[in-house]
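Chain by chain, the residues run as shown.
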Amino acid sequence: MVYYFTSNIVDPPAFIYVGKDKFHADKLSSAHIYLRLPEGSDWESIPQDLLTDCAQLTKANSIEGNKKDNVNVVYTPWSNLKKDGSMAIGQVGFKDQRKVKKILVETRTNAIVNRLNKTKVERFPDLAEEKEQREQEIRNRDKKAMLERKKEEARVAKERKEKAWQKDHAYDDVFTEDALEANSNENRDADFYDDFM
């Protein structure tokens with residue numbers, strides 16, 4: 001089971017996933033919160049309001065943390081999460097501590113939690129299938145972009161080739177027999193020089 005929340009304080013809206021048990025209340029048991037950032041976004045530049053939403057949701061979904069004030073919530077990119085066989089169910093570690101950030105939640109803000117709870121949807125997803133569909137969409141989009149890029153490169157190459165041909169053959173019609181004969185002084189009458197002077 002996974003809870004899906006929508007944070008409308010950013011545009012486009014952000015989707016937050018809460019596991020049943022990776023924003024996480026530091027040193028306390030809590031649900032792991034996942035934030036799907038828009039493509040091209042960096043986890044280090046998450047808007048402060050969105051960080052606050054995630055942190056409040058994390059605190060609210062921690063049995064211990066919800067009762068306490070001044071709770072630190074840690075967050076990191078998913079690629080920095082580490083799990084090995086010695087860890088308890090739901091427990092995770094970090095590969096690189098330098099990629100772990102903390103945000104302090106002094107108190108629970110009910111207005112934020114209530115706003116997010118209004119968007120709460122419970123699902124029983126096949127996460128592997130969702131991941132595969134998302135990756136397929138990305139591959140399809142990248143493939144389409146690559147084809148468009150190749151098409152544009154071919155158009156530019158054709159244009160360059162045509163310009164090069166025009167440059168190489170710009171004087172072709174000047175050197176035809178008719179043009180050469182018309183410009184020759186051999187077939188002109190003797191008064192030609194009088195008209196010239």
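All values derive from a computational prediction rather than experimental measurement.

Calculation notes
Residues numbered from 1 in each chain as written. Predicted model: local features only at pLDDT ≥ 70, side-chain atom pairs only at ≥ 80, totals over all residues. Heavy atoms only, no water. Phe/Tyr/Trp six-rings, centres within 6.5 Å; stacked < 30°, edge-to-face > 60°. Helix = DSSP H or I, 4+ residues; strand = E, 2+ residues; numbered from the N terminus. Buried < 20%, exposed > 50% of the residue type's maximum accessible area, 1.4 Å probe, protein only. Lys NZ or Arg CZ within 6 Å of the ring centre and 35° of its normal. UniProt positions renumbered as here; feature names shortened; annotations may be inferred.

### A look at the packing of aromatic side chains
Right, so step 1: Following the criterion strictly, the structure yields two aromatic pairs and no others.
Right, so step 2: Here Tyr4 and Tyr17 contribute two aromatic rings whose centre-to-centre distance is 4.8 Å and whose plane-to-plane angle is 75°, an arrangement assigned as edge-to-face. Remark: Tyr17 occurs in strand S2 (residues 14-19) and Tyr4 occurs in strand S1 (residues 2-7); sequence separation between them is 13 residues. Here Tyr4 and Tyr17 have matching classes, each one buried.
Right, so step 3: Consider the rings of Trp43 and Tyr75, whose centres lie 5.9 Å apart with planes at 80°: the pair is edge-to-face. Note that Trp43 is positioned in the loop between strand S4 (33-36) and helix H1 (48-60) and Tyr75 in strand S5 (residues 71-75), a separation of 32 residues in sequence. Comparing Trp43 with Tyr75, the two get one shared label, buried.
Right, so step 4: The ring of Trp43 is capped by Lys101, whose NZ or CZ atom sits 5.5 Å from the centre of that ring.

### Quick notes on the UniProt feature "coiled-coil region" (unreviewed entry) in the protein chain
Right, so step 1: UniProt records the feature "coiled-coil region" (unreviewed entry) for residues 133-164 in the present numbering.
Right, so step 2: Taken as a whole, residues 133-164 contains 100% helix and 0% strand, while its terminal C-alpha atoms sit 46 Å from one another.

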